[in-house]
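An overview of the molecular structure
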Amino acid sequence: MEDKKLRSQEWYGRKGKDGFIYRSWMKNQGFPHHLFEGEKPVIGICNTYSELTPCNAHFRELAEAVKRGIWEAGGFPLEFPVMSLGECSIKPTAMLFRNLASMDVEESIRANPMDGVILLCGCDKTTPSLVMGAASVNLPTLVVSGGPMLAGWFKGKKIGTSDLWRFAEQYKKGELSEEDFVAVEAAMSRSRGHCAPMGTASTMAAMVESLGLGMPDNASIPAADSRRKALAHMAGMRIVEMVNEDLKMSDILNRKAFENAIMVNAAIGGSTNFIIHLLAIAGRMGVELDIEDFDKFSAGIPLLANIQPSGEHFFEDLFYAGGLPALMKELNQKLHLDAITVNGKTIGENIEKAECFNREVIGTLEKPFKQESGIAVLKGNLCPNGAVLKPSAATPALLQHRGKAVVFKDIDDYKKRIDDPGLEVTPDSILVLKNVGPKGYPGMPEVGNMALPAKILAQGVSDMVRISDGRMSGTGFGTVVLHVSPESAVGGNLALVQNGDWISLDVPNRTLMLEVSEEELESRRSVFTSIDLGYDRGYVNLFIQNVTQAHEGVDFDFLKGSSGPVVKRDSH
Ligand code: FES
Ligand code: MG
């Protein structure tokens, strides 16, 4: 221990009444006095355990492993709960509450006596909300992810979340019985952990590791593998050292780290949600990052990982093939190898000895799994501030496409009419869904990969161009234009699209155009009225008033930046 006084001593090191108050009630848990004397860094374990967040339901055990490591290294672990967001249960969408959870995390860390933090993250939104909140305090911080589920098995075939969309279509067409559809539920989710494909949770775990916020292999060790707990134990040991070294988040999360994360995300075929969360994290850290950086730093990086939804395998298979370090090693000519990470080593040092054991799962730059990767950022009069598309999940023939708009004014309108036999739609049409953006839904749900009309599916067509201001699940696929900004609810041009308008999508040239004259758009704009969702109180009202657009990360405007770790006043 260096001479520097621990932050937690601002509480526990006090004399008289204040010290009594900060320590006495803690002792009702059986902690002896010496733990409060400033020799042991207090490590908060920020736990998103919840039975309503099944992907994180094993986090009590994981926290125990972290604690063993903290004790072993001479720290004092104190676990605390924060709001936990279960992607599969929360209505109207977990994204509506990401910023709320981040506020809980930020204030819980700042207000409490801790010197360093372990963030236990798993299901989609639990990673960005914890990282965002912790970033606005900036203590030494280390992320331990929960790990992916083991792939499911159904009728002799491996399955994961991405198959849900296919099963749902087969069920809709009558090709899968009710009984089988229910049987798939249990077959798919057979183990602890988060979604097995390269969905948003896996993407976030990879983001954490490529940013340098997680230990090597943190991303892909399966939740059910005992090495996940061993890693948690080691992370507990390491966070104590990080406090002693004063290695803070701001020492790790610089511009190089963000560029590395974007390059790795391209190579793994990560979720489009990555863009929104990384922009929000950069905003908290005060690092300049804009939506065009995602296209710029993805350029020239092919898809290396053969993982669903862009490929065939699962996130656990990445671990068996050598893990994220082995994949990152293929990018060693491109990455900033000198970027520092939580274990005190650089990315370059961390990947130096990595080996690939399965070229079927991890390709090389010379022999990638697919040339198409990354995220295409589109511009044009339909999306002046940008829109995104994931080329590796799209149909190549549709990447340059001109079609007539079939417009749904909101999600209810879509659900009511999509399977109507009278719907005027052909496979060449472009489905346009309005009012599913940050303010319009509200919360920007994962509905952008809307299911195709029944009568189109009946023709054996499996993909159409779809455009919205919403998001899509990281497990989704198709030629889907998402995150249109500005969104329709604030009067973006998306709001002005009418049935029969021609739209042209040109992904190679990164454009999305509504072929309607500016004059005509102006006259439509003059009669535009925004929808009134009737939220006049509470959190949702706060959300609608303060949320930023997709190209800005959908964070609250007032949460940008950091307030640091200092609290000046005492509690009594
Ligand atoms: Fe939790 Fe997919 S539902 S990760
Ligand atoms: Mg998801």
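Everything numeric in this text was worked out from a predicted model, so none of it was measured. (Residues numbered from 1 in each chain as written. Chains lettered and ligands numbered in written order. Predicted model: local features only at pLDDT ≥ 70, side-chain atom pairs only at ≥ 80, totals over all residues.)

1. Considerations on the overall build of the protein
Looking only at helices and strands, one finds 20 helices and 14 strands in the protein. For the protein, the C-alpha radius of gyration of 24 Å lies close to 25 Å, the compact-globule estimate for 572 residues. Each principal axis of the C-alpha atoms in the protein carries an extent, and together these give about 75 × 55 × 50 Å. Taking all contacts inside the protein whose residues are at least 6 apart in sequence as the whole, residues at least 24 apart take part in 78%. (Helix = DSSP H or I, 4+ residues; strand = E, 2+ residues; numbered from the N terminus. Rg over C-alpha atoms; globule rule 2.2 N^0.38 Å. Contact = placed C-beta atoms within 7 Å.)

2. Digging into the sheet that holds strand 2 (residues 76–81)
Here 4 strands make up an open sheet; going across it, the order is 2-1-3-4 and the pairing parallel. Bordering the open sheet on either side are strand 2 and strand 4 (141–145), each of which pairs with just one other strand. Direction aside, neighbouring strands of the sheet carry axes that sit 20 degrees apart on average. Both strand 1 (residues 42–47) and strand 2 contribute to a ladder of 6 bridges, which runs parallel. (Pairing = 2+ DSSP bridges. Axes fitted to C-alpha atoms, helices over the stretch in contact; angles between N-to-C directions.)

3. Remarks on the packing of helix 8 (residues 200–211) against helix 12 (residues 273–285)
If you want to describe how two helices pack, look at the angle between their axes and the distance between the axes. Contact geometry for helix 8 and helix 12: axes closest at 10 Å, N-to-C directions at 40 degrees. Between helix 8 and helix 12, the angle is such that the two are oblique. Here helix 8 runs over helix 12; the crossing is right-handed. Of helix 12, the residues touching helix 8 (which contributes Thr200, Thr203, Met204 and Met207) are Asn273, Phe274, His277 and Leu278. Residue composition of the contact of helix 8 with helix 12, grouped by class: 4 nonpolar, 4 polar and no charged. (Parallel < 35°, antiparallel > 145°, perpendicular 65-115°, else oblique. Left-handed = near helix turned anticlockwise from the far one by under 90°. Nonpolar A, V, L, I, M, F, W, Y, C, P; charged D, E, K, R; others polar.)

4. Focus: the environment of Gly156
Considering the arrangement of structural elements, one finds Gly156 in the loop between strand 5 (152–154) and strand 6 (157–159). With 14 residues separating them along the chain, Gly156 and Gln170 place their C-alpha atoms 18 Å apart.

5. Some words on the nonpolar core
Judged by nonpolar contacts, the single largest core of 172 residues is most densely connected at Ile118, Ala267 and Ala305. Once residues within four sequence positions are removed from consideration, Ala267 is found in contact with Ile301, Leu303, Leu304, Ala305, Leu327, Leu331 and Ser373. (Core = buried A, V, L, I, M, F, W, Y, C linked by C-beta atoms within 7 Å. Buried ≥ 20, exposed ≤ 12 C-beta atoms within 10 Å, placed from the backbone.)

6. Some details on unusual backbone geometry
Here the bond from Lys91 into Pro92 is cis, since omega is -5 degrees, no more than 30 degrees from zero. Structurally, Pro92 is set in the loop between strand 2 and helix 4 (98–111). Residue Pro442 is bonded to the preceding Tyr441 through a cis peptide linkage, with omega at -5 degrees. With respect to the secondary-structure elements, Pro442 resides in the loop between strand 10 (430–433) and helix 18 (454–457). One non-glycine residue, Asp246, lies in the positive phi region at around 55 degrees. One can find Asp246 in the loop between helix 9 (226–245) and helix 10 (249–252). Judged by the 13 C-beta atoms lying within 10 Å of it, Asp246 falls in the partly exposed class. Located in the positive-phi region is Asn435, a residue other than glycine, with phi close to 60 degrees.

7. Some thoughts on the sheet that holds strand 11 (residues 465–468)
With mixed pairing, the 6 strands of this open sheet are ordered in space as 12-11-10-9-13-14. Here the strands that pair on one side only, and so sit at the sheet edges, are strand 12 (480–481) and strand 14 (511–514).

8. Considerations on the UniProt feature "domain: Dihydroxy-acid/6-phosphogluconate dehydratase C-terminal" (unreviewed entry) in the protein
Those residues carrying the UniProt feature "domain: Dihydroxy-acid/6-phosphogluconate dehydratase C-terminal" (unreviewed entry) are residues 360–553 in this numbering. Annotated as residues 360–553, this span is 14% helix and 18% strand, and its ends, taken at the C-alpha atoms, are 34 Å apart. (UniProt positions renumbered as here; feature names shortened; annotations may be inferred.)

9. So, the environment of Pro54
Looking at where Pro54 falls in the secondary structure, it is placed in the loop between strand 1 and helix 3 (59–72). Taking the C-beta count within 10 Å as the criterion, Pro54 has 19 such neighbours and is therefore assigned partly exposed. Measuring from C-alpha to C-alpha, the distance between Pro54 and Gly193 comes to 7.7 Å, with 139 residues separating the pair along the chain.

10. Topic: the packing of helix 11 (residues 255–268) against helix 13 (residues 291–298)
Packing of helix 11 against helix 13 leaves a shortest axis separation of 9 Å and a crossing angle of 60 degrees. With respect to their mutual orientation, helix 11 and helix 13 come out oblique. Of the two possible hands of crossing, helix 11 and helix 13 adopt the one that is right-handed. Of the residues in helix 13, those touching helix 11 at Glu259, Ile262, Met263 and Ala266 are Asp293, Phe294, Phe297 and Ser298. Tallied by class, residues from the contact of helix 11 with helix 13 come to 5 nonpolar, 1 polar and 2 charged.

11. Considerations on the environment of Pro222
With respect to the helices, strands and loops of the structure, Pro222 is situated in the loop between helix 8 and helix 9. When the 24 C-beta atoms within 10 Å are taken as the criterion, Pro222 is described as buried. Between the alpha carbons of Pro222 and Leu324 there is a distance of 13 Å; along the sequence they are 102 residues apart. Excluding its chain neighbours within four sequence positions, the residues that come into contact with Pro222 are Gly147, Pro148, Leu150, Gly193, Arg228, Glu316 and Phe319.

12. Some details on the pairing of strand 10
The side-chain alternation of strand 10 yields two buried faces, one formed by Ile430 and Val432 and the other by Leu431 and Leu433. As judged from the 4 bridges shared by strand 9 (residues 400–408) and strand 10, these two strands associate in the parallel manner. Its bridge partner lying in strand 10, Phe408 is registered against Leu433. Taken together, the 4 bridges between strand 10 and strand 11 define a ladder with parallel strand orientation. Bridge assignment links Ile430 to a residue of strand 11, and that residue is Val465.

13. Some remarks on the confidence of the model for the protein
Looking at the protein as a whole, its pLDDT mean stands at 96, while 99% of the residues score no less than 70. Our summary of model confidence lists the complex with pTM equal to 0.97 and ipTM equal to 0.89. (pLDDT = per-residue confidence, 0-100.)

14. Let's talk about helix 4
Spanning 14 residues, helix 4 covers 20 Å between terminal C-alpha atoms, matching the ideal 20 Å at 1.5 Å per step. The set of residues buried in helix 4 consists of Arg98, Asn99, Ala101, Ser102, Val105, Glu106, Ser108, Ile109 and Arg110. Of the surrounding secondary structure, the elements contacted by the buried residues of helix 4 are strand 1, strand 2, strand 3 (116–121) and helix 5 (126–135). (Expected span 1.5 Å × (residues − 1).)

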